[in-house]
Amino acid sequence: MKNILKQVTNIIHHDVLIIGSGAAGNSLALMLPNNLSIGIISKSDIHEGSTYYAQGGISAVFNDLDSIDNHIEDTLETGCGLCRKDVVRDIAKKSRNLIKWLQERGVEFSHTQTKSGNKSLDLGMEGGHSYPRIVHADDKTGKVIQESLIDNLSNTANINAYTHRVAIDLIIDANNTCVGCYIYNDQADKIEIHVANFLVLASGGANKAYLYTSNPDTSSGDGIAMAYRAGCNITNMEFMQFHPTCMYNQDAKFFLISEAMRGEGAKLLLPNGEQFMHKYDDRGVLAPRDIVARAIDNEMKKNGHEFVLLDISHMEKDFIIKRFPSIYNKCLEYGIDITKNKIPVVPATHYTCGGVEINKKGQTNIKNLYAIGEVAHSGLHGANRMASNSLLECLYFADVVSKDISLNSKNLKKIDINKIDQNKYMQHDELEKVLIKHCWKEIRTLMWNYVGIVRNNHRLSYADQRIKIMKKEIDAFFYTYKINKDIVELKNLVCVAELIIKSAISRKESRGLHYNIDYPETLSEPKDTILSKNQSSSLNISSL
Ligand code: FAD
Ligand code: SIN
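Below is a short write-up of the structure. These figures come from a predicted structure and were not determined experimentally.

About the criteria used
Residues numbered from 1 in each chain as written. Chains lettered and ligands numbered in written order. Predicted model: local features only at pLDDT ≥ 70, side-chain atom pairs only at ≥ 80, totals over all residues. Heavy atoms only, no water. Phe/Tyr/Trp six-rings, centres within 6.5 Å; stacked < 30°, edge-to-face > 60°. Helix = DSSP H or I, 4+ residues; strand = E, 2+ residues; numbered from the N terminus. Buried < 20%, exposed > 50% of the residue type's maximum accessible area, 1.4 Å probe, protein only. Lys NZ or Arg CZ within 6 Å of the ring centre and 35° of its normal. 1 Å grid on protein atoms, 1.4 Å probe; cavity = no way out; pocket = protein on both sides within 12 Å on 5 of 7 lines; lining within 4 Å. Points joined across faces, edges and corners; volume = space filled by probe spheres on them. Salt bridge = Lys/Arg side-chain N within 4 Å of Asp/Glu carboxyl O. Core = buried A, V, L, I, M, F, W, Y, C linked by side-chain atoms within 4.5 Å. Contact = heavy atoms within 4.5 Å. Nonpolar A, V, L, I, M, F, W, Y, C, P; charged D, E, K, R; others polar. Pairing = 2+ DSSP bridges. Axes fitted to C-alpha atoms, helices over the stretch in contact; angles between N-to-C directions. Near = heavy atom within 4 Å. Areas by Shrake-Rupley, 256 points an atom, 1.4 Å probe, with all protein chains shown as cover.

## So, the packing of aromatic side chains
Scanning the entire structure with this criterion turns up 10 aromatic pairs. Between Phe242 and Trp448, the ring centres sit 5.8 Å apart and the planes meet at 50 degrees, which makes this aromatic pair tilted. In this pair, Phe242 sits in strand 14 (residues 240-247) while Trp448 sits in helix 12 (residues 433-450), placing the two residues 206 residues apart along the sequence. Phe242 gets classed as buried once you look at its relative accessible area, which sits at 4%. Three or more aromatic residues joined by ring pairs form one cluster here, namely Tyr210, Tyr212, Phe242, Phe254 and Trp448. A cation over an aromatic ring shows up here: Lys491 above the ring of Phe478, its NZ or CZ 4.6 Å from the ring centre.

Next comes the structure, spelled out in structure tokens:
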């Protein structure tokens with residue numbers, strides 16, 4: 001092999017290093033004490049990630065008829081027996097304060113006029129919620145939140161954002177303590193070593209493991225894969241959530257049509273105009289997502305349809321345009337006027353309910369390593385996340401972790417860089433891009449066809465065999481060819497795909513988002529699936 005050079009490295013020190021600049025990472029940076037030096041890493045532009053595309057909103061109890069207990073009950077019911085009740089309770093209780101925190105940072109949510117002429121937050125409705133509870137900014141809640149958080153970040157002297165940097169692997173010392181991360185600088189084509197007293201994974205989900213997803217390209221499961229390689233426990237990866245209604249149009253890259261539209265009265269129809277959701281659940285189109293996505297999947301398979309239809313055209317034109325301006329404009333780009341026409345929709349992967357196992361303080365099983373937001377498994381979502389509980393979880397754990405780091409950061413010691421391998425990644429020849437593209441597509445197609453909404457033992461076993469072979473090949477690329485963004489993401493994608501398959505195989509029942517026709521029953525005792533590099537096990541949640 002020609003052209004082997006020692007990779008040039010920069011070493012950068014931080015008190016706290018946050019991998020990810022979404023709702024979780026950016027909120028944490030702003031909540032941490034300003035005497036700490038904080039680095040935020042993001043692998044694309046600072047705004048890019050799932051947060052920016054969030055539409056529906058954030059669930060919080062503001063309706064006088066509603067209560068914290070209702071929010072808890074709805075979340076537990078949607079989570080199908082696997083939510084951790086204390087975590088659900090703590091988060092639901094904090095929801096109003098977290099909305100207030102965002103408002104204090106300049107986030108402007110949509111309001112409505114009350115009968116007495118006062119302004120109050122406009123509360124939307126989504127699947128699984130028994131009351132209107134969704135605080136939103138029209139249908140672009142994520143964009144409005146990200147823009148405000150990023151505005152606030154730019155006014156801070158202690159926070160440095162490092163964009164177009166791809167975290168490769170965590171650095172763990174001999175005492176099982178995280179001391180930093182190897183990072184690929186995509187613009188300078190260099191490896192950097194970022195050392196930190198505390199490292200927080202806020203790198204989002206793994207939905208790119210599937211061919212069709214509502215997620216942006218950042219969601220390749222990097223944080224989950226890095227944590228797994230470092231020795232963290234990874235919980236419940238079989239619960240990949242499929243959003244029932246993404247626009248059916250390859251060019252639109254599966255643009256999401258918010259559940260809030262069904263909350264406002266949109267109907268789901270077969271191509272012949274027939275409604276079908278009432279056959280599957282009394283709550284109809286507002287049943288939890290697992291039920292609606294499975295119903296659509298079943299109707300499409302049974303009747304050979306390529307899509308079903310979402311119809312809001314019976315509502316007032318002005319209302320539709322005011323309430324859903326982004327969706328209205330996006331659909332128009334594709335020739336669909338939603339005030340007159342029905343929207344062709346299909347389910348697509350949307351949210352990773354499993355992830356890096358954390359306790360109530362956001363800590364992982366590696367010292368000084370935390371995980372927050374979609375990368376983490378906190379126990380809030382159980383076997384199926386209730387709509388609009390995710391942004392809430394990002395904010396809640398940002399708050400909890402900021403307090404824990406603040407408590408533990410009184411006497412920080414400088415990390416000894418002499419104990420870190422500074423020559424870990426060598427520059428070799430480039431791997432041909434076409435090979436990476438091919439593997440990327442093969443993994444995502446395999447996951448879509450064999451580990452989808454409805455599973456069976458035969459398909460899972462085939463996927464397991466295929467992924468093992470691919471993982472071997474891809475791991476070999478990683479150590480043979482020059483590191484770049486694509487190769488890091490590919491290595492992580494195959495790792496999370498394997499974790500999803502292994503978790504799905506080990507669950508011998510159907511529950512929430514995991515439906516296996518060979519085990520249609522739900523077992524009486526709910527158990528988490530916990531994988532770690534050293535052992536795989538299925539634990540009873542009451543023992544955690
Ligand atoms: P993200 O916002 O995904 O951010 C991840 C960050 O990590 C990015 O900055 C990325 O660059 C960085 N990153 C990843 N890997 C690396 C790496 N290797 N190196 C460096 N940086 C890395 N939830 C709700 O509660 N309400 C909603 O209305 C809602 N609507 C949604 C609509 C859409 C279309 C989508 C896709 C999701 C929606 N969700 C919603 C889910 C919710 O948006 C996400 O779960 C949440 O935003 C995740 O935030 P996060 O900060 O954990 O991750
Ligand atoms: C949506 O607007 O439908 C997405 C809400 C969510 O994923 O929580």
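What follows continues from the structure just given.
## Some words on empty space enclosed by the protein
The full count for this structure, using the stated rule, is 2 cavities of 30 Å³ or more. As a volume, the largest cavity reaches approximately 50 Å³. Lining the largest cavity we find Met240, Phe242, Arg289, Asp290, Ala293, Arg294, Ile453 and Leu513.

## Thoughts on unusual backbone geometry
Its identity is not glycine, yet Asp138 carries a phi of approximately 45 degrees, on the positive side. Mapping Asp138 onto the fold places it in the loop between strand 8 (134-135) and helix 5 (141-153). A residue is classified by how much of its surface remains accessible, and Asp138, at 23% relative accessible area, is partly exposed. Within the chain, Asp189 stands out as a residue other than glycine whose phi angle is a positive 55 degrees. Structurally, Asp189 is set in the loop between strand 11 (178-185) and strand 12 (190-201).

## Structural notes on the pattern of salt bridges
One pass over the structure, following the stated rule, counts 37 salt bridges. A salt bridge links Lys279 to Glu299; the shortest N-O distance between them is 3.2 Å. Remark: Glu299 occurs in helix 8 (residues 289-303) and Lys279 occurs in the loop between strand 15 (267-269) and helix 8; sequence separation between them is 20 residues. Glu299 gets classed as buried once you look at its relative accessible area, which sits at 1%. Its salt-bridge partner being Lys301, residue Asp297 comes within 2.9 Å of it at the nearest N-O pair. Within this pair, Asp297 and its partner Lys301 are both found in helix 8, separated by 4 residues, close to a single helical turn. On the basis of relative accessibility, which here comes to 58%, the residue Lys301 falls in the exposed class. Counted as one network, the salt bridges with shared partners bring together Lys43, Asp222, Lys485 and Glu489.

## Overview of the nonpolar core
The nonpolar side chains of soluble globular proteins are, as a tendency, buried together. Formed by 130 residues in total, the largest nonpolar core has its most connected members in Leu201 and Ile443. Per-element accounting of this core gives the leading share, 12 residues, to helix 14 (residues 485-506). The contacts of Ile443, once residues within four sequence positions are left out, are Ala209, Ile467, Met470, Ile474, Leu490, Leu493, Val494 and Ala497. Counting residues in each nonpolar core, the second largest holds 37 residues, with Leu256, Ala260, Met277 and Tyr328 among its members.

## Notes on the layout of surface pockets
Which parts of space are left empty comes out when a probe the size of a water molecule is rolled across the atoms. What the second largest pocket holds in volume is close to 730 Å³. For the second largest pocket, the lining is made up of 34 residues, of which Asp173, Thr177, Cys178, Val179 and Ile415 are closest to its centre. Of all elements in the fold, only strand 10 (165-172), strand 11, strand 12, helix 6 (222-230) and strand 19 (369-371) reach the threshold of two or more residues within the lining of the second largest pocket. Considering every element that reaches the lining of the second largest pocket, the biggest residue donor is strand 10, with 4 residues. Its residues assigned to classes, the lining of the second largest pocket shows 16 nonpolar, 8 polar and 10 charged.

## Examining the sheet that holds strand 15
Taken in spatial order, the 4 strands of this open sheet run 14-17-16-15, and their pairing is antiparallel. Every interior strand has two partners, whereas the edge strands, strand 14 and strand 15, have only one. Each strand axis lies, on average, 45 degrees off the axis of its neighbour in the sheet, ignoring direction. Bridge analysis of strand 15 against strand 16 (residues 308-311) gives 3 bridges, and the strand direction is antiparallel. Counted as the bridge partner of Leu268 is Leu310 from strand 16. Against the sheet, helix 8 contacts strand 14, strand 15, strand 16 and strand 17 (343-352), and its axis sits at roughly 60 degrees relative to strand 14.

## Observations concerning the site of ligand 2
The environment of ligand 2 is formed by Gln55, Gly56, Glu126, His243, Leu256, Ser258, Glu259, Arg289, His350, Arg385, Ala387 and Ser388. Protein chains shield 93% of the accessible area of ligand 2, which is 260 Å² for the free molecule. Split by residue class, the shell around ligand 2 holds 2 nonpolar, 6 polar and 4 charged.

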